[in-house]
Each structure stands twice: as structure tokens, then as C-alpha cells.
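Residue strings, one per chain:
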Amino acid sequence: MDARQYQDILERHDAGTGIIFDNDEYERRAKLVKLQMAAKGIETLILTDPNSVYYLTGYYTFGSGNYVSLIIPLDGNPFMHVADLEIPSAIVNSNVTEVYTSVWQQQFRSGPGDDLVKVLHSKVQDKKRIGLELGRKGLLASVFQALASKLPNATFIDASMIVEEVSYVKSDVEIECLKNSGSYTAAGVEASYAITRPGIYDNDIAKAGYEAMIGAGSEFMSVQPIVTSGVRTSFPHQTFRRVLIQDNDVIFLEYGGNHHRYTAPLMRTIVTGKPSDDMMRFADAAEATLSAMLEMMKPGIEFRDIVAHAKKAHKSLDDELYFFGSYAYGLGATFPPTWGNGLHIAEGIDLVLKPGMAFHVPMNFTAPSKFGIAFSESVVITEKGYELLVDHPRKLHQI
């Protein structure tokens, strides 16, 4: 049986059976994207970020590093070009009815660019203004080279933010997914709290959280459970690696269960013993800054005003504190390696809060080479303010 025969069987028996949302939801998203295409003068949009492809079609695979292109003509129906290993992901899990394939084993060698060019010639040869996600993951250099060299009359337009910006405001079904994720996240944190003590390993803590989130209903996560202890809590983006938990350790947890690719994450901090005065100062400042952020989370508030208000809450620690500058970042449908999108509440971002926007609000306060104290909340903006997506007490947890 060759790939074409395999695809034919799936198209006859299983097409669309793995799609999550109803047609109205996908049509709403597609309509908004086409409005953005028209505004930018894009005749054909080629999406290669798996998050974008999933958002518009339901295309779902844990092999999110494999090649995929979703091609959206402004005046026609979308079609897809994928590595042949992902035929089921394109046929079963998406609403696209026209799928072309390239040999999986060649995707990182010669690349599928030549095959994509052939498909474009047959489908949209007269459409010369092509949008590409130049600033997002998924666009192979070999694919771009093939497009640039074999479509010499085409004009390429950076369309990196089209789907991203459309997805900033969540629908009711998306918010429900985030709430389900939040329940998984809370279960993981509580399970890790229950077993944490000196003499076990950071792996043990992560294992308890992972098992609880999977047991509560999570599918595979966009970020695996993050657990660090001791001085390593002052080093961002570290995680468990068989480190023994000591007396008077600071332990950092950041978890995010996943529901239909939506994640509501949470940061919490544990101390095994009595926290030092410095730890308490950092904990108080992190809590005060997070509270200041939440005070401003309501529709119509400008991002710059939120940042200015939050900065006042940690001003007394600024000489000791290393803070990364993003007071919140957007949440949505994602595949590894991240659960966030590019929507940041930070200096220099001139946007306004709208109902339906969802954020992770992380206050990770680091005393370099000493310790880190972190709290966070995941929230969705409502018509009158905000709603927490994870139900879990926010305090320095002492063992």
C-alpha cells in the first residue's frame, strides 16, 4: 500500500472524525484571517507554524516539528501540504478536504519545497502576493529558498502576526478549554505539595505533579512540569535533574495541564523550613506586584498603564532584583515548546485589554545566585474585570 492508497482509505472512513470544535468556530476564525489578508493585500497565505495550522483547521499531532503548510487562497478553499507521516493528522484531525504530501524522510534534507512549489503552480499560480510566517517556527529554510527561487515573480509579505492577532481574543469554547486546563494544573500543584520534603529528589516532585495532571485529564503538555530547588531557582528555564531536596530549600514549581492544546499555567513556591528575611521580602514584593497587576486587569486599560502601576510595587527591590520585563503574556492553543503566544504586557507594547484576552501573569523575582521566589495567575479578561483560570491559594508554601 502506498501513501496515496493509505490516504484514500482514511478520507473515505475517518475524515474529520478527530476535529474538536464545530464548524461555526472554525468559520469565525477563517473569516477574521481573510479580513486580515485582504487588508495586507495578501492573495495566498502559507501558514507553517503548527499552532496557526491547528487554530484554523484542528490539525493535531504530537510530531509538531514535522513539516506542514496550510495554504489559504483569499478567494478559495484552503488546502494542506504535509509530510506523509502526518497524513492521519491532516485527514482525521482537520477540516481541510484537500491534502497533498511530501516524503517525510526528505523533509530536513532536500526539503519539501519543490513539492510545495508544484502544488502552488497547480492551485494558485496566478496569485503573486504570498504571505509567509517569516518570524514563527515551522518555516524551513529549504522551503523558503525553493519558494524564492522558483516563484521569481512572487512578492513575499511577512504574515507572522495574522493568526496570532486574530487569536488574541478567545471565544467561549476556548475559555472553557482554559478553565479545564486550570483544573488539571491545580491538581498537579497540590499533588507535588503533598509529597515534597527534604530527602526526596526534584524528579519525585515533578513525577507527582505530572501523574496528577494526566490523571485529572490533561493530554500531552506544551511544557513539561518545571521543578527547581536551591540556588537553581535563581536560574530561569531550568528544571528537574535528580537534585536532592535539602532542609531550608526554596522549591519552584511551574505547571500547566493541557486541554485541547489550551494551557492555564501556574507558578508556586515552596520552602522546606523557615524562609529567611530576604526570602520573605522577595515573596512580599512578588505578591504585591501580582496583586497590582490584577487590580488593572479590566477592559479598556492600556498595557503601558498596567506596567507603570506594577513597577511601583517592586521598586524597593529593584537594586537586588532581576526581573525579565514581561509582566504578562498571552495564552492560547499551542504545541511544544511553549504554552504562551507573543502577546506581552511589557514596556513599549501599545495595546489595550479586551474581553476574551487570556494571560499568564508571572511574577518570578530572582536574587541572582541566591534564590528565586515566584507566584503567578492565569486570567481571562471579562466584561467587567478578570476571572482566575486556576483555583489555587497564592502564598509561600512552607513544609
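This is a predicted model, so every value here is computed, not measured.

**Some details on helix α6 (residues 141-150)**
Phase 1: Residues of α6 that are buried: Val143, Ala146 and Leu147. On an axial view of α6, the arc spanned by its buried residues comes to 95°, and they lie on one face. Structural note: α6 exposes Ala141, Gln145 and Ser149 on the side pointing more than 90 degrees away from its buried face.
Phase 2: Where α6 is buried, its residues meet β1 (44-47), α5 (113-124), β5 (129-132) and β6 (155-158).

**Quick look at helix α2 (residues 23-40)**
Phase 1: In this model α2 runs 26 Å from its N-terminal to its C-terminal C-alpha over 18 residues, within 8% of the 26 Å that 1.5 Å per residue would give.
Phase 2: Listing the buried residues of α2 in full gives Glu25, Tyr26, Arg29, Val33 and Met37. Burial along α2 is one-sided: seen end-on, the buried residues are contained in an arc of 110°. Among the exposed residues of α2, those oriented more than 90 degrees off its buried face are Asn23, Asp24, Glu27, Lys31, Leu35 and Ala39.
Phase 3: Buried residues along α2 sit against β1, α3 (50-57), β2 (68-73), α7 (162-166), α8 (172-195) and β10 (262-263).
Phase 4: At the C-terminal side of α2, Gly41 shows a positive phi close to 70°.

**Things to note about the nonpolar core**
Phase 1: By size, the foremost hydrophobic cluster in this structure holds 62 residues, and its most contacted members are Met80 and Leu253.
Phase 2: Formed by 37 residues, the second largest nonpolar core is a distinct cluster that contains Leu294, Ala328, Leu343 and Phe375.

**So, the layout of surface pockets**
Phase 1: If you add up the space inside the largest pocket, you get close to 630 Å³.
Phase 2: Around the largest pocket, the lining is made up of 25 residues, and of these His237, Glu254, Met267, Tyr329 and Trp339 lie nearest the centre.
Phase 3: Among the elements of the structure, β7 (226-229), β8 (250-255), β12 (326-331), β13 (340-346) and β14 (358-367) are those that each provide at least two residues to the lining of the largest pocket.
Phase 4: The greatest single-element share of the lining of the largest pocket, amounting to 3 residues, is contributed by β13.
Phase 5: Grouping the constituent residues of the lining of the largest pocket by class yields 12 nonpolar, 11 polar and 2 charged.
Phase 6: Computed from the structure, the second largest pocket encloses a volume of approximately 370 Å³.
Phase 7: Lining the second largest pocket are 15 residues, and of these Tyr26, Ala30, Leu56, Pro78 and Asn95 lie nearest its centre.
Phase 8: A per-element tally of the lining of the second largest pocket places α2 first, with 5 residues.
Phase 9: In terms of residue class, the lining of the second largest pocket is built from 7 nonpolar, 6 polar and 2 charged.

**With respect to the environment of Lys127**
Phase 1: Mapped onto the fold, Lys127 is located in the loop between α5 and β5.
Phase 2: Given a relative accessible area of 17%, Lys127 falls into the buried group.
Phase 3: Along the sequence, Lys127 and Asn153 sit 26 residues apart, while their C-alpha atoms lie 9.9 Å from each other.
Phase 4: In this structure, Lys127 is in contact with Glu43, Thr44 and Asp75, ignoring residues within four places of it in sequence.

**A closer look at the side chain of Glu254**
Phase 1: You can see Glu254 is positioned in strand β8.
Phase 2: With no salt bridge to any partner, buried Glu254 finds its closest opposite charge in Arg268, at an N-O distance of 10 Å.
Phase 3: Not counting residues up to four positions away in its chain, the partners in contact with Glu254 are Pro225, Ile226, Leu266, Met267, Tyr329, Trp339 and His360.

**A look at the pattern of salt bridges**
Side-chain pairing between opposite charges can occur once the charged atoms of the two side chains come close.
Phase 1: Counted by the stated rule, this structure contains 23 salt bridges.
Phase 2: Its salt-bridge partner being Glu25, residue Arg29 comes within 2.9 Å of it at the nearest N-O pair. Here the residue Arg29 and the residue Glu25 both occupy positions in helix α2, the gap between them amounting to 4 residues, near one helical turn.
Phase 3: Take Arg29: its relative accessible area is 0%, and that puts it in the buried class.
Phase 4: Shared partners join several salt bridges into a network, and the residues in it are Asp49, Glu133, Arg136, Lys137 and Glu164.

**What to know about the environment of Gln106**
Phase 1: The topology assignment puts Gln106 in the loop between β4 (99-102) and α5.
Phase 2: Under the relative-accessibility criterion, Gln106 is labelled partly exposed at 32%.
Phase 3: On a C-alpha basis, the gap between Gln106 and Ile72 in space is 24 Å, while along the polypeptide they are 34 residues apart.

**Let's talk about the UniProt feature "domain: Peptidase M24" (unreviewed entry) in the protein**
Phase 1: Mapped onto the present numbering, the UniProt feature "domain: Peptidase M24" (unreviewed entry) falls on residues 176-383.
Phase 2: Each end of residues 176-383 is marked by a C-alpha atom, and these two atoms are 16 Å apart; helix forms 31% of the span and strand 26%.

**Examining the side chain of Glu86**
Phase 1: Note that Glu86 resides in the loop between β3 (79-83) and α4 (87-91).
Phase 2: One buried charge, Glu86, has no salt-bridge partner; the nearest side chain with opposite charge is Arg261, at 13 Å.
Phase 3: Looking at Glu86, its side chain comes within polar contact range of the side chain of Asn66, at 2.8 Å.
Phase 4: Every residue in contact with Glu86, bar those within four places of it in the chain, is listed here: Tyr59, Thr61, Gly63 and Asn66.

**Here we look at the sheet that holds strand β11 (residues 266-271)**
Phase 1: An order of β7-β8-β11-β17 is seen for the 4 strands of this open sheet, with the pairing classed as mixed. With partners counted over all chains shown, the strands left at the sheet margins are β7 and β17 (397-398), one partner each.
Phase 2: Of the strand pairs in this sheet, β7 and β8 are connected by 4 bridges, and their pairing is antiparallel. Following the sheet pairing, Val227 is matched in β8 by Leu253.
Phase 3: Across the sheet, α8 is in contact with β8, β11 and β17; its angle to β8 comes to roughly 155°.

Thresholds, definitions, all that
- Residues numbered from 1 in each chain as written.
- Predicted model: local features only at pLDDT ≥ 70, side-chain atom pairs only at ≥ 80, totals over all residues.
- Heavy atoms only, no water.
- Buried < 20%, exposed > 50% of the residue type's maximum accessible area, 1.4 Å probe, protein only.
- Helix = DSSP H or I, 4+ residues; strand = E, 2+ residues; numbered from the N terminus.
- Arc of directions from axis to C-beta.
- Contact = heavy atoms within 4.5 Å.
- Expected span 1.5 Å × (residues − 1).
- Core = buried A, V, L, I, M, F, W, Y, C linked by side-chain atoms within 4.5 Å.
- 1 Å grid on protein atoms, 1.4 Å probe; cavity = no way out; pocket = protein on both sides within 12 Å on 5 of 7 lines; lining within 4 Å.
- Points joined across faces, edges and corners; volume = space filled by probe spheres on them.
- Nonpolar A, V, L, I, M, F, W, Y, C, P; charged D, E, K, R; others polar.
- Lys, Arg positive; Asp, Glu negative; His and termini not counted.
- Salt bridge = Lys/Arg side-chain N within 4 Å of Asp/Glu carboxyl O.
- UniProt positions renumbered as here; feature names shortened; annotations may be inferred.
- Polar contact = N/O pair within 3.5 Å; in protein donor to acceptor, adjacent residues only side chain to side chain.
- Pairing = 2+ DSSP bridges.
- Axes fitted to C-alpha atoms, helices over the stretch in contact; angles between N-to-C directions.

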